[in-house]
Amino acid sequence: MLYIAGRWVFPHGDGVIAVENPAAEAVIGSVPQGSAVDVDRAALAARDAFLDWARTPWPRRQELLRSIAAALRESGEKTARTITSELGMPFDACLAVQALEPASILEAYADEMDGIAWEHDIGWSRIVMEPVGVVGAITPWNYPLYQIACKVGGALAAGCTVVLKPSELTPLNAYALIEAAEKAGLPPGVLNLITGHGSEAGEALVRHPGIDAISFTGSTVTGRRVAELASVTLKRVSMELGGKSASIVLEGADLDRAVAGTIRSCFRNSGQSCSSHTRFLIPRRLEGRIMSIISGRAGEVQLGDPAAHGNHLGPLVSGIQRERVTRYIREALASGATLVVGGADPPTGFERGYYVQPTVIVSLDPNAQIAQEEVFGPVLCVIPYDDVADAVRIANGTPYGLSAGVWSATPEEGFEVARLLRAGEVQLNGAPFNIRSPFGGFGLSGYGRELGRYGIEEFLAPKAIHQSFADLSHADSPVIA
Ligand code: NDP
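Trainee: Just to check I follow, could you spell out the pattern of salt bridges for this structure?
Mentor: Close approach of charged atoms lets side chains of opposite charge pair. Under the counting rule described, the total for this entry stands at 21 salt bridges. Where Asp212 meets Arg47, a salt bridge forms, and the shortest distance between an N and an O atom there is 2.3 Å. Placement of Asp212 in the loop between α7 (198-207) and β10 (213-217) and of Arg47 in helix α1 (residues 36-55) is noted, with a sequence separation of 165 residues between them. Here Arg126 makes a salt bridge to Glu119, at a shortest N to O gap of 3.5 Å. Judged by its relative accessible area of 49%, Glu119 is partly exposed. Here the salt bridges do not stand alone but share partners, grouping Arg66, Asp111, Glu112 and Arg436 into one network.

Take a look at the structure:
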């Protein structure tokens, strides 16, 4: 079913999309294949609900966001099981990152609403922050509910209404959010759900004249298409796209921690994370020592059944994704890169499921395909550098600019390098991710920011109300020479 104007409704057509468990290679459910007609109904419902929601006092919106978060927490285990079965991420990590973190994101948005200057004065003008309107939110499969929370949370906080189109590969978790919103008492039409293909439902959303803004997370190729289509109706667009992020270890840093942290970042969610540190930049002088630590650490990474407890890696999301990732490995090795661990062959003991061996490759050429393109699988590319200037040049030498890591002996050294990196975020010595800080990229990684205050402001536009001098007190009146 689709969710439009606060009701579960049948789609216009009768097409369905099967949802597969990538570990079992078995169909576990299906969702409607929403069409342009369904998108139109949802966009009209969101538009109808817009003015009331925009005028709802923000403390009430804040309260509702907190209630949705509470409902998401309550259903966290069930949601984690759903995401484990549609995405293949092992349950323990899934519960923390994919099911509960979205609740934390909504809570963080609610908290940050206190710090927004909803109204302020500039001279005789009152500046009122207005929601940008009806938002079309289009999300990918790799952190499905997390990405939804990033968009929906910021938009609802700002006073926008939303039509959500989740990925066709992992759409089931989106229902958990709708159920939480219903439980919290979100007014009808404020949040609408259309499942379907990007080429049909996604494009209809981007083209729709009743949608004011598009918040998109996905691949750079699709992002380009979305930006192009959105330009026809001059929609405001934000883009969270791919990455090829570097982790730089400086001489003097704790090498064990740097290797462990970089491998963790790269292989998290089986390498299917936009902000993974997939290029490991190491000082050439320390290559031998670092490579032996890498071989040991990477060799310890285990694959396993996503439904089981533990910190193993699951399969990739689909057969297409597995084919793409193993092709990258094969091509890298054929063009001169060296294999350290793993490889393109199917891992032993995993005849069923889209598993790929955790792989480490050394590329002496920072411009090689494996060192430049987003692989989106468990593949770490090690690149030696000569000096810090060389490391910074290599780190900044891709068209992306999403994330980076620096491992240094002192925080000052780390900061100095971090300031030179063209990336939306930099983690010093393995610092944890902060859901209250802005997230987004430079270059082909996109534009716009999500999370925290910046993630709300993305959906706000200032309106200036100029006040008559006669109505202003003497103190506020401009001095006219
Ligand atoms: P896609 O770009 O293929 O799809 C993303 C979403 O866009 C899906 O919902 C998809 O629908 C939809 N879509 C596809 N074509 C169109 C279209 N023509 N018009 C409108 N919508 C469309 O990305 P993936 O789902 O494969 O996600 C992986 C990518 O996302 C990676 O490149 C990754 O780096 C990036 N990503 C970026 C993040 C960031 O914050 N920077 C975070 C997470 C992922 P459908 O259901 O048909 O696939």
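Read on, since the account is not over.
Trainee: Can you walk me through the nonpolar core in this structure?
Mentor: Soluble globular proteins tend to pack their nonpolar side chains together in the buried interior. With 66 residues, the main nonpolar core has Ile68, Leu156, Leu177, Leu186 and Ile456 as its most contacted residues. Looking at this core, the element that brings in the most residues is helix α5 (residues 144-158), giving 10 residues. Ignoring anything within four residues of it in the chain, the contact list for Leu186 reads Trp53, Leu64, Ile68, Leu156, Ala181 and Leu191. Counting residues in each nonpolar core, the second largest holds 30 residues, with Ala332, Val375, Ala395 and Ala423 among its members.

Trainee: What exactly am I supposed to notice about the environment of Ser245 here?
Mentor: Within the secondary structure, Ser245 sits in strand β12 (residues 245-249). Take Ser245: its relative accessible area is 2%, and that puts it in the buried class. With 151 residues separating them in the primary sequence, Ser245 and Asn396 have C-alpha atoms 9.0 Å apart. Those residues in contact with Ser245 that lie beyond four places of it in its chain are Cys274, Ser275, Ser276, His277, Thr278, Arg279, Leu402, Ser403 and Ala404.

Trainee: Just to check I follow, could you spell out empty space enclosed by the protein for this structure?
Mentor: Rolled over the atoms, a probe as big as a water molecule pinpoints where empty space is left. The full count for this structure, using the stated rule, is five cavities of 30 Å³ or more. Roughly 100 Å³ of internal volume is contained in the largest cavity. Considering every element that reaches the lining of the largest cavity, the biggest residue donor is β12, with three residues. A breakdown of the residues in the lining of the largest cavity according to their chemical character gives eight nonpolar, five polar and three charged. Put simply, the second largest cavity is a space of about 50 Å³. Residue lining of the second largest cavity: Val132, Ala213, Ile214, Arg236, Val237, Ser238, Glu458 and Phe459, and that is the complete set. Contributions of two or more residues to the lining of the second largest cavity are made by β10 and β11 (236-240).

The rules behind each value
Residues numbered from 1 in each chain as written. Predicted model: local features only at pLDDT ≥ 70, side-chain atom pairs only at ≥ 80, totals over all residues. Heavy atoms only, no water. Salt bridge = Lys/Arg side-chain N within 4 Å of Asp/Glu carboxyl O. Helix = DSSP H or I, 4+ residues; strand = E, 2+ residues; numbered from the N terminus. Buried < 20%, exposed > 50% of the residue type's maximum accessible area, 1.4 Å probe, protein only. Core = buried A, V, L, I, M, F, W, Y, C linked by side-chain atoms within 4.5 Å. Contact = heavy atoms within 4.5 Å. 1 Å grid on protein atoms, 1.4 Å probe; cavity = no way out; pocket = protein on both sides within 12 Å on 5 of 7 lines; lining within 4 Å. Points joined across faces, edges and corners; volume = space filled by probe spheres on them. Nonpolar A, V, L, I, M, F, W, Y, C, P; charged D, E, K, R; others polar.

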